[in-house]
Every structure is written in structure tokens, then in C-alpha cells.
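Now for the letters of each chain:
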Amino acid sequence: MSKVHVFDHPLIQHKLSIMRSKDTGTKEFRELLEEISMLMVYEVTRDLPTQDVEVETPICKCTTKMLAGKKLGIVPILRAGLGMVEGVTRLIPAARVGHIGLYRDPETHEPVEYYCKLPADSENRELLVLDPMLATGGSASDAITMIKKRGCHHIRLVNLIAAPEGIAKVQKDHPDVDIYVAGLDEKLNEHAYIVPGLGDAGDRLFGTK
Ligand code: PRP
Ligand code: URA
């Protein structure tokens, strides 16, 4: 069974509370999502392997550490996942970026695929799938399946807010994928929106409603 990591850092919680408010406008929402994504990825990558390297400082030679192991890639789920890209790539500038396009059918709430473009060497990378919202889990689970079909099996899922239903779906479909969230919410409503959540992340991010 995969692990669920909930980030209770006060800065993350404070910023998330501002994002949740219906009075927070698009500009601030976008900035906060970027900031929280950066803070989250700092923790998501805490267990990355390092190796000893020789460095000559202005004072002397020393042995110090740099990242080792698999290179990183990020895969935002369109549209709302795009809002997490800038924050993550500020900390990991060498990460390659793939994109998966999925939207939820408003009637069935089932994900509909419309785009997939991953880095050519994805199978050799550790991939972070980015999406602010994990509601029914349908979109994230399908995105992970699409990635696995292309040969990549080192995947972590990073969400801002998750519902228990979404966590359960991803854990059932992808027990090898750890989930990282800033907020673990109560439930879904009759429209499969997260309660209390923050509403429609894509619309709030891009000002489309
Ligand atoms: C939202 C969100 C997730 C999905 C979560 O996207 O960004 O991708 O819903 O719901 P699920 O867990 O029930 O699948 P949406 O379908 O609204 O598309 P958008 O980002 O283009 O607005
Ligand atoms: N997608 C969103 O943007 N918000 C939700 O609460 C559920 C799905």
C-alpha cells in the first residue's frame, strides 16, 4: 500500500487557508499555488539519494554532497496542474516537463483524455505528477496509468487538496505510488467537488468563471 504524506507545516497551512477563501482572486490564488508547490516539493524530494563529490572551495578541497540517482521529471495534469509547474521548476530547474490533458465529464465525473506528451526518457526518470485537486481520483489514476503504459514506474503524486475517496482510488489502482498532500479534506459533495475544498481549481487559477 502506498503512503500518504500530509504536510502540516504552518506556512503551507496558512497559504492554503487563503487559497480556500472564496474572496481570494485569481492573481493571489496563482501566486499562492506556486509558493505552496515550491514548499511541497522541498519535502517531496527529502529522500532523494545523494553522492559524495569533491569540491574545491576558496579555502580548501572538501568532500560534499550532490543529488544522485534518477533524474527528475514533472507531469502536470492540464489545466490546473500547470499552476504548480513554476514553483517546482524553481527548485528543480533541470526537471523535464511532460503534460497530460484530462478533464472531468460534468455529468459522469469520469476523466476524458485529450493529450499526453512525456519527456523522451521518462522511463529513466522519477516523475512527479502534479494536480491541485484529488477528488474522485479518476483523473490522477488515469494519468498514472498513461504514464506507466509508456514504461515509467517511478511515480509520486503531488496534490494540494485530497478527498478520502481520491486517496482510496489511487491507493487501490496504484499501490506503488506515494501521495503528497497539503490538505486532507472531509468528503465529496453530490457534484464530486471536494468539501470544504476550494472550488474549481482550474477556473480559479485561470479566471474562467
Ligand atoms: C480538476 C482537477 C483534477 C480533477 C480532479 O480538473 O484539476 O484534474 O478535476 O477530479 P477527479 O479526482 O474527480 O478526477 P478538471 O476536470 O476540472 O479540468 P481543468 O483542470 O481543465 O479545469
Ligand atoms: N476539481 C476541482 O477543481 N475541484 C474539486 O473540488 C473537484 C474537482
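Given the structure is predicted, the values throughout are model-derived calculations rather than measurements.

What counts, and where the lines are drawn
Residues numbered from 1 in each chain as written. Chains lettered and ligands numbered in written order. Predicted model: local features only at pLDDT ≥ 70, side-chain atom pairs only at ≥ 80, totals over all residues. Heavy atoms only, no water. Helix = DSSP H or I, 4+ residues; strand = E, 2+ residues; numbered from the N terminus. Rg over C-alpha atoms; globule rule 2.2 N^0.38 Å. Buried < 20%, exposed > 50% of the residue type's maximum accessible area, 1.4 Å probe, protein only. Core = buried A, V, L, I, M, F, W, Y, C linked by side-chain atoms within 4.5 Å. Contact = heavy atoms within 4.5 Å. Salt bridge = Lys/Arg side-chain N within 4 Å of Asp/Glu carboxyl O.

**Student:** Would you mind going over the overall build of the protein chain with me for this structure?
**Tutor:** On a plain count of helices and strands, the protein chain comes out with 6 helices and 13 strands. Its C-alpha radius of gyration of 18 Å places the protein chain within 12% of the 17 Å reference for a compact globule of 209 residues. Each of the three principal axes of the protein chain carries a C-alpha extent, and together these read 65 × 40 × 30 Å. When burial is assessed residue by residue, the protein chain has 47% of its 209 residues classed as buried.

**Student:** Which parts of the structure should I look at to understand the environment of K27?
**Tutor:** Note on placement: K27 falls in helix α2 (residues 26–44). Separated by 177 residues in the primary sequence, K27 and R204 have C-alpha atoms spaced 9.2 Å apart.

**Student:** Got a minute to help me understand the nonpolar core in this structure?
**Tutor:** Soluble globular proteins tend to pack their nonpolar side chains together in the buried interior. Formed by 35 residues in total, the largest nonpolar core has its most connected members in M19, L130, L160 and L198. Within the residue set of this core, elements represented by two or more residues are α1 (10–20), α2, β4 (71–78), α3 (85–91), β8 (125–130), β10 (155–162), β11 (178–184) and α6 (201–206). Broken down by element, this core gets its largest block of residues, 7 residues, from α2. Excluding its chain neighbours within four sequence positions, the residues that come into contact with L130 are I74, V75, P76, I77, G81, M84, V85, V88 and V158. L134, C152, L157 and V177 belong to the second-largest nonpolar core, a separate cluster that totals 22 residues.

**Student:** Help me out: how do you make sense of the pattern of salt bridges in this one?
**Tutor:** For side chains bearing opposite charge, pairing can occur when the charged atoms are close. Summed over all chains, the structure comprises 16 salt bridges. Across the pair K15 and E35 runs a salt bridge, and its minimum N-O distance is 2.6 Å. Here E35 lies in helix α2 and K15 lies in helix α1, a separation of 20 residues in the sequence. When its relative accessible area of 32% is taken as the criterion, E35 is described as partly exposed. Between D203 and K209 there is a salt bridge, and its shortest N-O distance comes to 3.7 Å. Note on D203: relative accessible area 12%, which makes it buried. Given a relative accessible area of 84%, K209 falls into the exposed group.

**Student:** What am I meant to see in the side chain of Q171 here?
**Tutor:** Relative to the elements of secondary structure, Q171 occurs in helix α5 (residues 164–173). For Q171, a relative accessible area of 15% gives the class buried. Among all residues touching Q171, those that are not within four sequence positions of it are M1, S2, V4 and I179.

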